[in-house]
Amino acid sequence: MVTEIAQIEVRPDTEEEFERAVARAVPLFTGAEGCRGIQLHRSAEYPRRYRLMVLWDTVEHHTVTFRGSESFRRWRDLAGPYFAAPPQVEHVYSVLAQ
């Protein structure tokens, strides 16, 4: 399993709208092939900064299957208007969990 971590900065005064957009987009992720869950975290120090964390079976389930889907286009339509800059995305594997 791999975790996609997308750091997202939103435009000023759009935090609540962005959070609602992500909540509406949850089924787009959870219904996608290879998706095992989604979380959204907001920074305490930088309240316009979020980290979207999506669990995928493989990197390709995110980068190929999901990104090539209508669900991805719908996700960007919902959340994209709130982005202050393009999200910074990386994929990580757990090496230690307790």
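Structure: above.
Values in this document were obtained by computation on a predicted structure and should not be read as measured data.

Q: Is there a simple way to think about helix α3 (residues 70-79) in this case?
A: An α-helical turn contains 3.6 residues, so a residue and the one three or four places further along point in the same direction. For α3, the set of buried residues is Phe 72, Trp 75, Leu 78 and Ala 79. Viewed end-on, α3 has its buried residues packed into an arc of 125°, placing them on one side of the element. Turned more than 90 degrees from where α3 packs its buried face, Glu 70 and Asp 77 sit exposed. Residues of α3 that are buried make contact with β1 (2-9), α1 (15-30), β3 (49-56) and α2 (59-66). Where α3 begins, the capping side chain belongs to Ser 69, and its oxygen is found 3.3 Å from the backbone nitrogen of Ser 71.

Q: Explain the nonpolar core here, please?
A: Proteins that are soluble and globular tend to have nonpolar side chains buried together. With 24 residues, the main nonpolar core has Ile 8, Phe 18, Phe 29, Leu 52, Trp 56 and Trp 75 as its most contacted residues. Contributions of two or more residues to this core are made by β1, α1, β3, α2 and α3. The biggest single contributor to this core is α1, with six residues. Not counting residues up to four positions away in its chain, the partners in contact with Leu 52 are Glu 4, Ile 5, Ala 6, Ile 8, Val 22, Phe 29, Ile 38, Gln 39, Leu 40 and Trp 75.

Q: Teacher, can you tell me more about the pairing of β3 here?
A: Within a regular strand, side chains alternate between the sheet's two faces. Burial along β3 is one-sided: the residues Tyr 50, Leu 52, Val 54 and Trp 56 are buried and none of Arg 49, Arg 51, Met 53 and Leu 55 is. Inspection of the sheet shows β1 paired to β3 by eight bridges, in the antiparallel sense. Looking across to β3, one finds that Ile 5 is bridged to Met 53. Pairing geometry for strand β2 (residues 35-42) and β3, over seven bridges, is antiparallel.

Q: Quick question: what am I supposed to make of the sheet that holds strand β4 (residues 88-92) here?
A: Within a sheet, each strand pairs with its neighbour through backbone hydrogen bonds, oriented either parallel or antiparallel. One open sheet holds the four strands; their spatial order is β2-β3-β1-β4, and the pairing between them is antiparallel. Strands with a single pairing partner mark the edges of an open sheet, and in this sheet they are β2 and β4. Ignoring strand direction, the axes of neighbouring strands in this sheet form an average angle of 15°. For β1 and β4, the ladder comprises five bridges, and the chain directions are antiparallel. What sits directly across from Glu 4, in β4, is His 91. Contacting β1, β2 and β3, α1 runs over the sheet at an angle of about 175° to β2.

Procedures and definitions
Residues numbered from 1 in each chain as written. Predicted model: local features only at pLDDT ≥ 70, side-chain atom pairs only at ≥ 80, totals over all residues. Heavy atoms only, no water. Buried < 20%, exposed > 50% of the residue type's maximum accessible area, 1.4 Å probe, protein only. Helix = DSSP H or I, 4+ residues; strand = E, 2+ residues; numbered from the N terminus. Arc of directions from axis to C-beta. Contact = heavy atoms within 4.5 Å. Polar contact = N/O pair within 3.5 Å; in protein donor to acceptor, adjacent residues only side chain to side chain. Core = buried A, V, L, I, M, F, W, Y, C linked by side-chain atoms within 4.5 Å. Pairing = 2+ DSSP bridges. Axes fitted to C-alpha atoms, helices over the stretch in contact; angles between N-to-C directions.

Purely geometric stuff here, so don't read any function into it on its own.
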